[in-house]
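A structural walkthrough
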Amino acid sequence: MKIHHECIACAINQCQKIVEMSLSEEEERKKAMLFSLKRASQLFSEESIPAVVGGLLFLDLYRFIRNDDPFREYKRISNEVARRLLPEFEGVDLKTALKLAIAGNVVDFSTGYTPERLERDIKGVLSQELLIDHSRKLFDLLKKGKKLLYLTDNCGEIYFDLLFIKSMLREFSDLEVFVGAKDGPIINDATVEDLKEAGFSDTGTVVSTGSRLPGTPLEYSSPEFRKLFNSVDVIIAKGQANFETLSDLGDERVFFLLKAKCPPIAREIGVPIGSLLCLNLSLR
């Protein structure tokens, strides 16, 4: 997916939040924002992929402000709240577990989210129907497939991903699961260390994409990860950044689980903002 007009302002707004989270002095904040604006003008073009160019901008800003993980506390709170909620949903059926994984996708700093809203929003989302629901095809493929690659998105929601993976393993006991995460911190995305701390190693093999960029831009991923990506039977990709980076591949193995939280994503897919989706583009 290429940028829409809102993506540029969105990236700059995220830079402002990063700066305000990391710096307290007005002069330092001003210099950091001027740096962000100049760097954004160098990075963005009509062919830019939002998650990629945004991620490159944020990493440059991290170096400028000398803070490699501005969201450390935000991620900790998100994980803590989600982990506390999880026992309420243990043992749910497979379809409900899938909806919970999508519901967990409400945790998104880029849309102004606060972790304290999580419990209310999870329960609210569960009462909604999926606007696009290709889960039957997904489950049919999982019955036949041997290898699943599950691409995670944000901290907090990873605990609902874990519940969904456990549900799939109960249903499809022969499935070999690989769970992908970022190689290092970027906004509130889950890293390999976050997955290991949450217990994903007990359900499958935790792997790094080889990149810190949001989503899964294969051109920035490691050769080892690309080899794995090409070898699996089914790919589940969580969140908007994974849609942005993988939607142009035309890969029928990929199922996107997400909530359309911003106008560009909703416009690109052709759905109302707020829609819940289990989407395989080859089935539309």
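Residues numbered from 1 in each chain as written. Predicted model: local features only at pLDDT ≥ 70, side-chain atom pairs only at ≥ 80, totals over all residues. Heavy atoms only, no water.

Time to look at the overall build of the protein chain. Counting secondary structure elements, the protein chain contains 12 helices and 7 strands. Relative to the 2.2 N^0.38 estimate, which gives 19 Å for 284 residues, the radius of gyration of the protein chain is 18 Å and therefore close to what a compact globule would have. Seen through its principal axes, the protein chain has C-alpha atoms that stretch 55 × 40 × 35 Å. Buried residues in the protein chain amount to 58% of all 284 residues. Within the structure as shown, the protein chain displays about 12400 Å² of accessible surface, and the carbon and sulfur contribution to it stands at 49%. For the protein chain, the distance from the average site of its 38 positive side-chain charges to the average site of its 43 negative ones is 1 Å. (Helix = DSSP H or I, 4+ residues; strand = E, 2+ residues; numbered from the N terminus. Rg over C-alpha atoms; globule rule 2.2 N^0.38 Å. Buried < 20%, exposed > 50% of the residue type's maximum accessible area, 1.4 Å probe, protein only. Areas by Shrake-Rupley, 256 points an atom, 1.4 Å probe, with all protein chains shown as cover. Lys, Arg positive; Asp, Glu negative; His and termini not counted. Charge placed at Lys NZ, Arg CZ, Asp CG, Glu CD.)

Pairing of strand S3 (residues 176-181) with strand S4 (residues 205-208) involves 4 bridges; the strand directions are parallel. Paired with Phe-178 across the bridge in S4 is Thr-205. (Pairing = 2+ DSSP bridges.)

Read across the sheet, 7 strands follow the order S1-S7-S6-S5-S2-S3-S4 without closing on themselves; strand pairing throughout is mixed. Each edge of the sheet is formed by a strand with only one pairing partner; in this case those strands are strand S1 (132-133) and S4. As paired elements, S1 and strand S7 (residues 276-279) share 2 bridges and run parallel to each other. Bridged to Asp-133 within S7 is Cys-278. The strands touched by helix H7 (residues 135-144) within the sheet are S1, strand S2 (147-151), strand S5 (234-238), strand S6 (254-259) and S7, with S5 carrying the most contacts at an inclination of about 135°. Helix H11 (residues 239-246) rests against S2, S5, S6 and S7 of the sheet, and its axis sits at about 140° to S6. (Contact = heavy atoms within 4.5 Å. Axes fitted to C-alpha atoms, helices over the stretch in contact; angles between N-to-C directions.)

Summed over the entire model, instances satisfying the criterion amount to 15 salt bridges. With a shortest N-O distance of 2.6 Å, Asp-60 and Arg-39 are connected by a salt bridge. You can see Asp-60 sitting in helix H3 (residues 50-65) and its partner Arg-39 sitting in helix H2 (residues 26-43), a full 21 residues away along the chain. We classify Asp-60 as buried; its relative accessible area is 16%. Overall, the relative accessible area of 25% leaves Arg-39 in the partly exposed class. Close ionic contact of Glu-80 with Arg-76 constitutes a salt bridge, the shortest N to O distance being 2.9 Å. Within this pair, Glu-80 and its partner Arg-76 are both found in helix H4 (residues 72-85), separated by 4 residues, close to a single helical turn. Accessibility expressed as a relative area gives 35% for Glu-80, which makes it partly exposed. Connected via shared salt-bridge partners are Arg-39, Asp-60 and Arg-63. (Salt bridge = Lys/Arg side-chain N within 4 Å of Asp/Glu carboxyl O.)

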